[in-house]
Amino acid sequence: MATINDQYPRADSAPETRTAPDGPGRIEVHGIDHIPERERHGRARDLFPVWAAANVNYLSLVVGGALILMGLNLWQAVAVIVVGNLFWVPVGLLSISGPASGTPSEVIMRAMFGIRGNRVNIAVTGWVICICYIALNLAAAATAAFALVEKAGVTPNTPVKVVVVVAIAAVTLAISVYGHATIMKLYVPITIALTVAFAVVAVSVIGHTNFGYEPAHPLTGVTLWAVLAGGVTLIASGPLSYTNSADFSRYLPRNTSPKAIIGWTTLGGFLPSVIVCSLGAFAATAVDMTDPQTALQKILPGWFTPFFLLALVLGTISINAMTAYSSGLSLQAVGIRIRRSLSVLVDGTLAVALTLYALLVSNFLDTVSNVLQLTVVLLGPSTAVYAVDILLRRNRYDGLALTDESPGSPFWFSGGVNWAGAAALTAGTAAAALCVNTVYTGPLAQALGGVDAALPVGIVVAGAVYAAMMRRSLSRAA
């Protein structure tokens, strides 16, 4: 792939400059526009701490513990964690389109869905899902922060909770507003701090782990396969939510090795996710992980509890800052003319409102959580279409052409819609919906005894439909 990128003509042939406008501590001026080659900088390995910091977090512990609560034994849970996190490989693949085009994923997907069709696609698979994830993560961080405030002798009443939520959101949105260079710079020390904190957690958890753990009523037969499939889907929903991985690689020079980009992105997501999820599963063999925060404090050193709570907050801020950054790009990509920094603030304000409503008024986040369990029905096919397009085009993308939204754009297709992408996403989502077993049980899942095959079915159907339709289209164009 490196040779292909080198042969593909540059969209911007201006000479490199020593100092790029995208610098740490400065508000990023670029949004969904094309990044000229002279402003590209960095190395593929810089992506590792970005993805690592975002995946050393509280929710990974919760998900790992949930696998034991679902009825799996310890080593079945670990196997599910490893298999589910293999979906970081396609995330790495998608990220190579960033340096190839110099644009974020939200723009690159115009090649798959057309200028107008992509606005609808991004509104659902990008913006709405980002807002939901921000609200969920913000609520998780706030819960840890409430406990920290209580340990400081302050009663977490409603006014205090509001202040805490707003304070966490302010830090998160500040990172997102400053943007790409600040994220790349700041996440190195954050990764180091989180690694140290979770190393202490690991020592304490492993010391209490029952490595021969078996549930009181071991699962067998179809029931076991149903839980294994559901567990893989649960784990895979994390990496599959990052169909926007090119957002963080697009500043790399065009000639950056695609293999290196895939490797460092995959490793940055896979390694910490496997470790932290496994710690959650290990802990569940010793304590009741239905209330992870309280349960873990029982096996952690007393002096470490405040640091543990701070680490939970910091890890959640890291993942939310990236999500808010991409949500801002998504808001621009749906056609709203607004600066990226302002779009981040708009999305953050909406997420804060949802979080406060959820924490103080209703169980709204329970509903959002259930909806997010279904995101794999949509994100699996979306990832498949994106990945197949990269392979069909051999990662050749004209960044300047992708930013052209006029009817004369080569990505206008038919009436602004690429019907190959629309048909593939629709077919994949419909097929996956028939196989899902989360909030509801699809007819095919019922026929399989409750086994949730939505993930593989959605990916295979969407990928196959898109490959068949788009190959003919590209052949005619050639």
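Counting starts from 1 at the beginning of each chain's written sequence and moves along it residue by residue. Residue-level local features of this predicted model are given only where pLDDT is at least 70; pairs of side-chain atoms are given and counted only at 80 or more, and the full residue set underlies all totals for whole chains, interfaces and linings. Only heavy atoms go into the side-chain values, all of them from the structure, while hydrogens and water stay out.

(A) Structural detail: the overall build of the chain. Every helix listed is a DSSP run of H or I at least four residues long, and every strand listed is a run of E at least two residues long, numbered separately from the N terminus. What the chain contains, in helices and strands, is 22 helices and zero strands. Taken against the 2.2 N^0.38 rule, which gives 23 Å for 478 residues, the C-alpha radius of gyration of the chain at 22 Å falls within 12% of a compact globule. C-alpha extents for the chain along the principal axes are approximately 65 × 55 × 40 Å. Burial status follows relative accessibility: with a 1.4 Å probe on protein chains alone, a residue under 20% of its type maximum counts as buried, one over 50% as exposed, and anything between as partly exposed. For the chain, the proportion of its 478 residues judged to be buried stands at 57%. Throughout, the radius of gyration refers to the C-alpha atoms, and the reference size of a globule is 2.2 Å times the residue count to the power 0.38.

(B) Inspection of the pattern of salt bridges at higher detail. Salt bridge, as applied in this entry: a Lys or Arg side-chain nitrogen positioned within 4 Å of an Asp or Glu carboxyl oxygen. All told, the structure shown has eight salt bridges when counted by the stated rule. When the shortest N-O distance is used, the salt bridge between Glu28 and Arg250 registers 3.0 Å. Taken together, the positions of Glu28 in the loop between helix 1 (2-7) and helix 2 (47-55) and Arg250 in the loop between helix 12 (221-240) and helix 13 (258-284) put the pair 222 residues apart, joining distant regions of the chain. For the pair shown, Glu28 and Arg250 are each scored as buried. Between Asp389 and Arg393 there is a salt bridge, and its shortest N-O distance comes to 2.9 Å. Note on Asp389: relative accessible area 0%, which makes it buried.

(C) Up close: the environment of Ala139. With respect to the helices and strands, the residue Ala139 is situated in helix 9 (residues 115-151). Sequence-wise, Ala139 and Glu150 are 11 residues apart; in three dimensions their C-alpha atoms are separated by 16 Å.

(D) How the structure looks around the side chain of Ser245. Mapped onto the secondary structure, Ser245 falls in the loop between helix 12 and helix 13. When its relative accessible area of 1% is taken as the criterion, Ser245 is described as buried. Pairs of N or O atoms are called polar contacts if they sit within 3.5 Å, as long as, within protein, a hydrogen donor faces a hydrogen acceptor (for residues adjacent in sequence, only side-chain-to-side-chain pairs). Within polar-contact distance, the side chain of Ser245 engages the backbone oxygen of Val91 at 2.9 Å. At 3.2 Å, the side chain of Ser245 forms a polar contact with the backbone nitrogen of Ser95. In this structure Ser245 touches Trp51, Val91, Leu94, Ser95 and Ser105, once residues within four positions along its chain are discounted. Two residues qualify as a contact provided that any one of their heavy atoms is within 4.5 Å of a heavy atom in the partner residue.

(E) Inspection of the environment of Ala283 at higher detail. Here Ala283 shows up in helix 13. A relative accessible area of 1% places Ala283 in the buried class. For the pair Ala283 and Ile299, spaced 16 residues apart in sequence, the C-alpha separation works out to 8.7 Å. Discounting residues that sit within four places of it in the chain, Ala283 has contacts with Val205, Met289 and Leu296.

(F) Layout of the packing of aromatic side chains. Stacked, tilted and edge-to-face are the three classes applied to pairs of Phe, Tyr and Trp rings, where Trp contributes its six-membered ring and a pair requires centres within 6.5 Å; stacked means planes under 30 degrees apart, edge-to-face means over 60, and tilted covers the rest. Counted by the stated rule, this structure contains 12 aromatic pairs. Taking 6.0 Å as the distance between ring centres and 75 degrees as the angle between the ring planes, the aromatic pair formed by Phe48 and Trp264 counts as edge-to-face. Taken as a pair, Phe48 in helix 2 and Trp264 in helix 13 lie far apart in primary sequence, 216 residues in all. Ring pairing ties together the aromatic residues Trp51, Trp88, Tyr242, Phe248 and Tyr325, which thus form one cluster.

(G) Layout of the nonpolar core. Nine residue types can take part in a nonpolar core, namely buried Ala, Val, Leu, Ile, Met, Phe, Trp, Tyr and Cys, and a core is a set of them joined through side-chain atoms within 4.5 Å. Counting residues in hydrophobic clusters, the biggest one holds 124 residues, and the most contacted among them are Met112, Tyr187, Leu296 and Phe308. If one sorts the elements of this core by residue count, helix 9 sits on top with 13 residues. The residues contacting Leu296, other than those within four sequence positions of it, are Leu61, Val205, Ala283, Met289 and Phe308.

(H) Region of the structure containing unusual backbone geometry. One non-glycine residue, Arg394, adopts positive backbone phi at about 55 degrees. For Arg394, the position within the fold is in the loop between helix 18 (375-392) and helix 19 (399-402). You can call Arg394 partly exposed: its relative accessible area is 46%. Even without glycine at this site, Asn395 takes up a positive phi of about 60 degrees. Locating Asn395 in the fold gives a position in the loop between helix 18 and helix 19.

(I) A look at the packing of helix 18 against helix 20 (residues 419-435). Two numbers describe how helix 18 lies on helix 20: the axes approach to 8 Å, and their chain directions differ by 140 degrees. Once helix 18 is placed against helix 20, the crossing between them reads as right-handed. Listed contacts from helix 20 to Val377, Leu378, Pro381, Ser382 and Val385 of helix 18 are Ala424, Leu425, Gly428, Thr429, Ala432 and Ala433. Grouping the amino acids of the contact of helix 18 with helix 20 by side-chain chemistry returns eight nonpolar, three polar and no charged. Angles shown run from 0 to 180 degrees and are taken between the N-to-C directions of axes, each axis being a line fitted to C-alpha atoms and, for helices, limited to the stretch in contact. Handedness of a helix crossing follows the sense of rotation of the near helix relative to the far helix, less than a right angle counterclockwise being left-handed and clockwise being right-handed. When residues are grouped by polarity, Ala, Val, Leu, Ile, Met, Phe, Trp, Tyr, Cys and Pro land in nonpolar, Asp, Glu, Lys and Arg in charged, and all others, Gly among them, in polar.

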